[in-house]
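Letter by letter, the chains look like this.
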Amino acid sequence: MKWVKGFFIGSAAVLVVSSGAQAADLPLKAKAVEYVKVCSLYGAGFYYIPGTDTCIKLGGYLRADMGINTNLMFAGNTVGAGGAQNRFGNAFTWRSRADLNVDTRTATEYGVVRTYMETVFSWTSGGWGGSGNGTTTYAGGDIAAGGQLGVYYAFIQFAGFTMGKAVSQFSTPWGNYLGYNIFDGLVGGGGGLTGVNQFTYTAELGNGMSGSIGVQDPTQYYQAGILNLGVAPTAAFGTASLGYGANDYGGTTVPDIVGRFRVEQAWGSFQVSVAAHDNNPAYYTDQASGGPRDKWGWAGQLALSINNIPTGPGDTIDMQSVFTNGATRYNIQDLAAAAGVNTIYTGVTGIGYGFAPDAVFGPGGQLQLVSTWGMRGAFNHNWNEYWASSIFGAYASVSYSGAAKTFMCGVTIPAAIGLGVTTCNPDYNIGQIGANVRWTPVRNLTFTTEALYTMLDQKYQGAATLVANPAIGKPAGSYNLTDQSTWTVMFRAQRSW
């Protein structure tokens, strides 16, 4: 019995010890892991990338646009099928776009290291162009490509330096959208808001003042054209060139040099921008013939923004003016028109046109730089927290040198469009005025309606004898040289996030 009693007591002790050990092995409630941590160093919307000291912010928008009486989104009907103002012009054009941007920042002993990327995915409807003999083919749009992928920005900022594709330092903070406008093609100042490759240093001077100096790639956005007037017009080429020759660029050998001084304070902002632009032509005909020497052009811009004016809280007046010589794209910016070309018809008997290259040259001659000046402005008013509107306008003037006019009006223009021109002057002006109304029913969702009128003031008089242009259905014949105008109405729905 003592043996049995000892066995049970021992077994009970083992069970107690065993159960205590098992209880000790049971998992405790795990501490919550904070997978995403808010980063408050750089404003709202930033989060720490897990396991790092780098903060990241995602943003973007989705946009649906429709333009009435336009073939381009949205540069106006001043060239091609739109400028024809006949059945080849679209009654409307659609575009859908999605934008994604990624902003990362890391604090270091040298200051903040920042990277920024913005991409856009677009789908734009096209139009129909003439093929001759009463047939047409689909032209433009994104059907064949299944849409378009664009890279607006891709840059690194470190210790005051900006390296990569970023907004041109010449441009104002509002660029060509000073009236919150849909229309892309306002003249009268710098653009480059879709980014230009650059290497820039910016110094923060205190009290809202900063200065920047750098170089940028002119190839994509800042070469308006070097026209070789020695290219003889042919039956097929004459109408296209209208006596202005054809592009004759050499390689890009020197980047544009850009400087900027800006003051940003509670009252608004003020900016001075300058740029130097090298024009490097190719040959008169080929390497054996040689060619004109390169020549530097320049651009200068003043800009002013006034905040909190008496008309209401948040209202602003924005304005700028620019002068260029041999650097046209700093006035008639990259989204205004290809090489500054404007060719607008009226009916079947009228035409007005103007070209705005950087320079022209004739056989054996040197570069003749083209001069321009321009201005743009806007008044932005908030009616209440839901409704706002803007009135905006722009103007640009293009002037050729005396030597250029002498050769063009004495040789190339009569050879291209006949002797019916009674007053020959390639100078021209272009004016634009528009207004929009914006409704924001909920935060970051805005509906915009906009109308814009464009006027082309050309200096020719008489008639141009033109060959047929089947691409836009224009027959050969005599066309009166007159001022022209066009209009467009645009609608937009945009959700930003």
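What counts, and where the lines are drawn
- Residues numbered from 1 in each chain as written.
- Predicted model: local features only at pLDDT ≥ 70, side-chain atom pairs only at ≥ 80, totals over all residues.
- Heavy atoms only, no water.
- Pairing = 2+ DSSP bridges.
- Helix = DSSP H or I, 4+ residues; strand = E, 2+ residues; numbered from the N terminus.
- Buried < 20%, exposed > 50% of the residue type's maximum accessible area, 1.4 Å probe, protein only.
- Contact = heavy atoms within 4.5 Å.
- Core = buried A, V, L, I, M, F, W, Y, C linked by side-chain atoms within 4.5 Å.
- Polar contact = N/O pair within 3.5 Å; in protein donor to acceptor, adjacent residues only side chain to side chain.
- Patch = residues over 30% accessible without salt bridge, like charges linked within 9 Å, V, L, I, M, F, W, Y side chains within 5 Å.
- Areas by Shrake-Rupley, 256 points an atom, 1.4 Å probe, with all protein chains shown as cover.
- Salt bridge = Lys/Arg side-chain N within 4 Å of Asp/Glu carboxyl O.
- pLDDT = per-residue confidence, 0-100.

### Description of the sheet that holds strand 13 (residues 246–247)
Taken in spatial order, the four strands make up an open sheet running 13-12-20-21, and their pairing is mixed. Sheet topology places strand 13 and strand 21 (368–369) at the edges, where each strand pairs with a single neighbour.

### Observations regarding the environment of Gly59
Within the secondary structure layout, Gly59 lies in strand 3 (residues 54–68). Note on Gly59: relative accessible area 6%, which makes it buried. When the C-alpha atoms of Gly59 and Asn101 are compared, they prove to be 5.2 Å apart, with 42 residues separating the residues in sequence. In this structure, Gly59 is in contact with Asp99, Leu100, Asn101 and Trp497, ignoring residues within four places of it in sequence.

### Examining the nonpolar core
Core analysis: the largest hydrophobic core is formed by 45 residues, its most contacted members being Tyr244, Ile332, Tyr353, Tyr400, Ile417 and Leu466. Listed by contribution, the elements that provide at least two residues to this core are strand 18 (342–346), strand 19 (350–354), strand 23 (387–399), helix 4 (402–417), strand 25 (428–442), strand 26 (445–458), strand 27 (461–466) and strand 28 (477–481). Leave out the neighbours within four places in its chain, and Tyr244 touches Leu227, Leu229, Tyr353, Phe355, Tyr400, Met408, Pro426 and Tyr460. One finds Phe170, Val196, Val258 and Ala299 within the second-largest nonpolar core, a separate group that totals ten residues.

### As for the side chain of Ser389
Note that Ser389 resides in strand 23. A polar side-chain atom of Ser389 sits 2.8 Å from a polar atom in the side chain of Trp383.

### Thoughts on the environment of Ser269
Along the polypeptide, Ser269 turns up in strand 15 (residues 268–279). Along the sequence, Ser269 and Pro173 sit 96 residues apart, while their C-alpha atoms lie 9.5 Å from each other. When residues no more than four places from it in sequence are discounted, the contact partners of Ser269 are Trp174, Val263, Glu264, Ala303, Leu304 and Ser305.

### As for a nonpolar patch on the surface
Together, Phe161, Phe199, Tyr201, Ile213, Val215, Ile257 and Trp296 give the surface a local cluster of nonpolar side chains, amounting to about 620 Å² of exposed area. The set of elements that each furnish at least two residues to the nonpolar patch consists of strand 10 (196–206) and strand 11 (209–216). Examined against the element boundaries, Phe199 turns out to sit in strand 10. For Phe199, a relative accessible area of 44% gives the class partly exposed.

### What to know about the confidence of the model for the protein chain
For the protein chain, the average pLDDT comes to 87, and 87% of its residues sit at 70 or higher. Note on residues 1–5: pLDDT is under 50 here. Beyond four places in sequence and across chains, it has zero contacts. In this model, residues 11–24 is a region of pLDDT below 50 whose contacts with residues beyond four sequence positions or in other chains number zero contacts.

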